[in-house]
Amino acid sequence: MAIDLIRVIIVDDHPALRAGTRHILEQYEDIRVVADTGRGEEASELSAALNPDVVIVDMRLPDLDGLVVTQRVLAACSTTHVLILSAYGDQDYVTSAIKAGAVGYVLKTARPDQLVAAVRAAKLGQPVLDSEVAKSLALLWVESQHLRDAGDMQVTFTERETAVLRMVAQGLHNKEIAAQLHLSVRTVEFHIQSIFRKAQVSSRTEAAMVAASRGLVPLRGPDVSDRAP
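Residues numbered from 1 in each chain as written. Predicted model: local features only at pLDDT ≥ 70, side-chain atom pairs only at ≥ 80, totals over all residues. Heavy atoms only, no water.

## Some points on the overall build of the chain
Worth spelling out the cut-off: Only runs of H or I of at least four residues qualify as helices and only runs of E of at least two qualify as strands under DSSP, and these elements are numbered from the N terminus. Under the scheme applied here, a residue whose accessible area is under 20% of the maximum for its type counts as buried, over 50% as exposed, and between as partly exposed, the area being computed with a 1.4 Å probe on protein chains only. Calculation of accessible area relied on Shrake-Rupley with a 1.4 Å probe; when residues are assessed, cover is drawn exclusively from the protein chains displayed.
Helix and strand counts for the chain stand at 10 helices and 6 strands. By the burial criterion, 48% of the 229 residues in the chain qualify as buried. When the accessible surface of the chain is split by element, carbon and sulfur atoms take 51% of a total near 11,400 Å².

## Section: the nonpolar core
Soluble globular proteins tend to bury their nonpolar side chains together. Where we set the bar: For the purposes of this section, nonpolar cores are sets of buried Ala, Val, Leu, Ile, Met, Phe, Trp, Tyr and Cys residues that join through side-chain atoms within 4.5 Å.
Membership of the largest hydrophobic core comes to 22 residues, with the highest contact counts inside it found for F157, V164, L165 and I177. Only helix 7 (159–169), helix 8 (174–181), helix 9 (185–199) and helix 10 (204–213) provide two or more residues apiece to this core. Counting residues per element, this core draws most heavily on helix 7, which supplies 6 residues.

## Quick word on the layout of surface pockets
Condition: Cavity and pocket criteria rest on a 1 Å grid covering protein atoms alone: a 1.4 Å probe that fits but cannot get out defines a cavity, protein on both sides within 12 Å along at least 5 of 7 lines defines an open pocket, and an atom within 4 Å of a point defines a lining residue. Grid points are joined across faces, edges and corners, and a volume is the space filled by probe spheres set on the points. Under this grouping Gly is polar, as are all residues other than the nonpolar Ala, Val, Leu, Ile, Met, Phe, Trp, Tyr, Cys and Pro and the charged Asp, Glu, Lys and Arg.
Its boundaries defined by the atoms lining it, the second largest pocket holds a volume of some 440 Å³. Around the second largest pocket sit 22 residues that line it, and S78, T80, H81, G101 and R204 are the ones nearest its centre. At the level of elements, strand 4 (81–86), helix 9 and helix 10 are the ones that each hand at least two residues to the lining of the second largest pocket. Classifying every residue of the lining of the second largest pocket gives 10 nonpolar, 11 polar and 1 charged.

## Some thoughts on the environment of A169
Along the chain, A169 falls in helix 7. The spatial distance from the C-alpha of A169 to the C-alpha of A211 is 6.7 Å, given a sequence separation of 42 residues.

## Let's talk about helix 1 (residues 15–25)
Put simply, the test is: By construction, the arc corresponds to the directions joining the helix axis to the C-beta atoms. In this description, contact between two residues means that some pair of their heavy atoms is separated by no more than 4.5 Å.
Regarding helix 1, the residues found buried are R18, T21 and L25. Projection of helix 1 onto a plane perpendicular to its axis shows the buried side chains occupying an angular sector of 70 degrees, all on one side. Exposed positions of helix 1 whose direction lies more than 90 degrees from the buried face are P15, A16 and H23. Where helix 1 is buried, its residues meet strand 1 (6–11), strand 2 (31–37), strand 3 (54–57), strand 4 and helix 5 (112–123).

## A look at unusual backbone geometry
Phi at N51 takes a positive value of approximately 50 degrees, unusual for a residue other than glycine. Taking relative accessible area as the criterion, N51 reaches 42% and is therefore assigned partly exposed. Unusually for a residue other than glycine, Q200 sits at a positive phi of about 60 degrees. Positionally, Q200 belongs in the loop between helix 9 and helix 10. Residue Q200 is classed as exposed on the basis of its relative accessible area, which comes to 55%.

## Considerations on the packing of helix 3 (residues 66–76) against helix 4 (residues 91–100)
Keep this limit in mind: Under this scheme, a helix contributes an axis fitted over its contacting stretch, all axes are lines through C-alpha atoms, and angles between N-to-C directions fall in the 0 to 180 degree range. Throughout this description, any angle smaller than 35 degrees is read as roughly parallel, any larger than 145 degrees as roughly antiparallel, any in the 65 to 115 degree range as roughly perpendicular, and the remainder as oblique. Crossings are classed by handedness, with left-handed meaning an anticlockwise turn of the near helix from the far one by less than a right angle and right-handed meaning a clockwise turn.
For the pair helix 3 and helix 4, the least separation of the axes is 9 Å and the interaxial angle reads 20 degrees. As far as their axial angle goes, helix 4 and helix 3 are roughly parallel. Viewed along their axes, helix 3 and helix 4 form a crossing whose handedness is right-handed. In contact with L67, T70, Q71 and L74 of helix 3, helix 4 contributes S96, A97 and A100.

Structure follows, in structure tokens:
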């Protein structure tokens, strides 16, 4: 049976960390690191040339901000997902990365198996956050929702929007959502635009956090797979 390879690019300016991350990932037969670089400028060029499934990006790079790198990578290759791997877990860093389009945010203190699980989730477009980051952000979103409620500005989703939101948070693509709900892709896109507008978010990961704050899906760190290296 053929293995569905996850093609990865690593963007980190510390050679030892790049090498260590590559070593960890290449212990698993379903992951292949196709390139690595220490410069943000090269990340989008490599993405356009190699069409990776996942690009792992450090938040702090010497030439470009990790947020800019994220945006350029996504612009260069629409099928690629960006996973942030950072030493910084501040809420501002995390929320900025998510708004820039990153599908996940993992701290460099994560165990190797957690990093691998995050890469696998990112490949599927599933929002994934480091467990400690997830806890703090979930609280932040719940508090934000309470403030909206207190101001009589509670966001109300239709039954169909709620179903779509739940599936978005589970990492399903628009075509998959359309098939499950027996809708056209254009209708699904319309519902997602409505959800984004009502919730005042701009990414699917932010939408997943909204779903988690409403109890529609759990917001947690990467699930560790039993798959052996």
